[in-house]
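The lines below spell out each chain.
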Amino acid sequence: MKASVLFAGVLALSALPVFAADDPIAVRKALMGGMGGAAGLTAGVMKGELDYSPAIGKAAISTAAAVAAAYPDFFPEGSGEGDTTAAPAIWEDPEGFAEEIGKLQEATTAALEVSGRNGPADAESFTEAMKPVLGTCKGCHENYRIEK
């Protein structure tokens, strides 16, 4: 299970160049798939459903950071139509959206810094590093995502 989630996240991120040229919505979905995998891993560790290892922690944090770095590039004008959950507020309030993405980038950068080369040493350190990341996800989803 853990390997499948990690593989799916890496696969989703590695496919970005293929999608990027023509379909920003597909890229956003792939990125959120990677973030969802990282969040799912984190939740599993936090609930005690998954055994923790530093490699798992590093993978989840690195995936979240990669998503945070790439994500803002895939919201060009006109990409709010179609099969997307991106709310019109993204284009109506670009400064607010940029601020939310900035919070995510800050949280993931901080998590990367504390994770070190090999990942957080234990589940508690990992959880503490990822809590702010997950908190920023919630804030952005409340204001800049629509439920379908």
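To keep things clear, this report deals only with the structure shown in the data block. All residue numbers refer to position in the chain's written sequence, counted from 1. Confidence filtering applies because this is a predicted model: local features only for residues at pLDDT of at least 70, side-chain atom pairs given and counted only at 80 or more, and all residues used for totals across whole chains, interfaces and linings. Values shown for side chains rest on all heavy atoms present in the structure; no hydrogens or waters enter the calculation.

1. Considerations on the environment of Ala111
Alright, step 1. Each helix is a run of H or I in the DSSP string that is no shorter than four residues. Each strand is a run of E no shorter than two, and both are numbered from the N terminus. Within the secondary structure layout, Ala111 lies in helix H6 (residues 94-115).
Alright, step 2. Sequence separation between Ala111 and Lys58 is 53 residues, and the spatial gap between their C-alpha atoms is 9.3 Å.

2. Concerning the nonpolar core
Soluble globular proteins tend to pack their nonpolar side chains together in the buried interior.
Alright, step 1. By convention a nonpolar core is built from buried Ala, Val, Leu, Ile, Met, Phe, Trp, Tyr and Cys residues, the set being connected through side-chain atoms within 4.5 Å. For each residue, the accessible area found with a 1.4 Å probe, counting protein chains only, is set against the maximum for its type, and the residue is called buried under 20%, exposed over 50%, and partly exposed in between. Grouped together as the largest cluster of nonpolar side chains are 33 residues, with contacts concentrated most on Leu31, Phe75, Ile90, Phe97, Phe126 and Val133.
Alright, step 2. Of all elements in the fold, only helix H3 (24-46), helix H4 (54-70), helix H5 (89-92), H6 and helix H7 (123-144) reach the threshold of two or more residues within this core.
Alright, step 3. Whether two residues are in contact is decided by their heavy atoms, any of which lying within 4.5 Å being enough. Apart from residues lying up to four places away in sequence, Phe126 is in contact with Thr42, Val45, Tyr52, Gly57, Ala60, Ile61 and Pro120.

3. Some details on the environment of Glu142
Alright, step 1. Here Glu142 is to be found in helix H7.
Alright, step 2. Linking Glu142 and Ala87, residues 55 residues apart in sequence, is a C-alpha distance of 9.9 Å.

4. A few points about the side chain of Thr42
Alright, step 1. By secondary structure assignment, the location of Thr42 is in helix H3.
Alright, step 2. Whenever two N or O atoms come within 3.5 Å, that pair is a polar contact, provided that in protein one can donate a hydrogen and the other can accept it, and provided that, for residues adjacent in sequence, both atoms are side-chain atoms. Only 2.8 Å separates the side chain of Thr42 from the backbone oxygen of Ala38, close enough to count as a polar contact.
Alright, step 3. Dropping the residues within four chain positions of it, Thr42 is found in contact with Ala60, Phe126, Met130 and Leu134.

5. Concerning the pattern of salt bridges
Alright, step 1. The term salt bridge refers to a side-chain nitrogen of Lys or Arg lying within 4 Å of a carboxyl oxygen of Asp or Glu. Under the defined criterion, the tally for this structure stands at six salt bridges.
Alright, step 2. For Glu128, the salt bridge is made with Lys131, and the minimal N-O distance between the two is 3.4 Å. Note that Glu128 and Lys131 are positioned in helix H7 at a spacing of three residues, about one turn of the helix.
Alright, step 3. One connected set of salt bridges, linked through shared partners, spans Glu99, Glu100 and Lys103.

Note that every value here comes from positions in space, so none of it alone points to a role or purpose.
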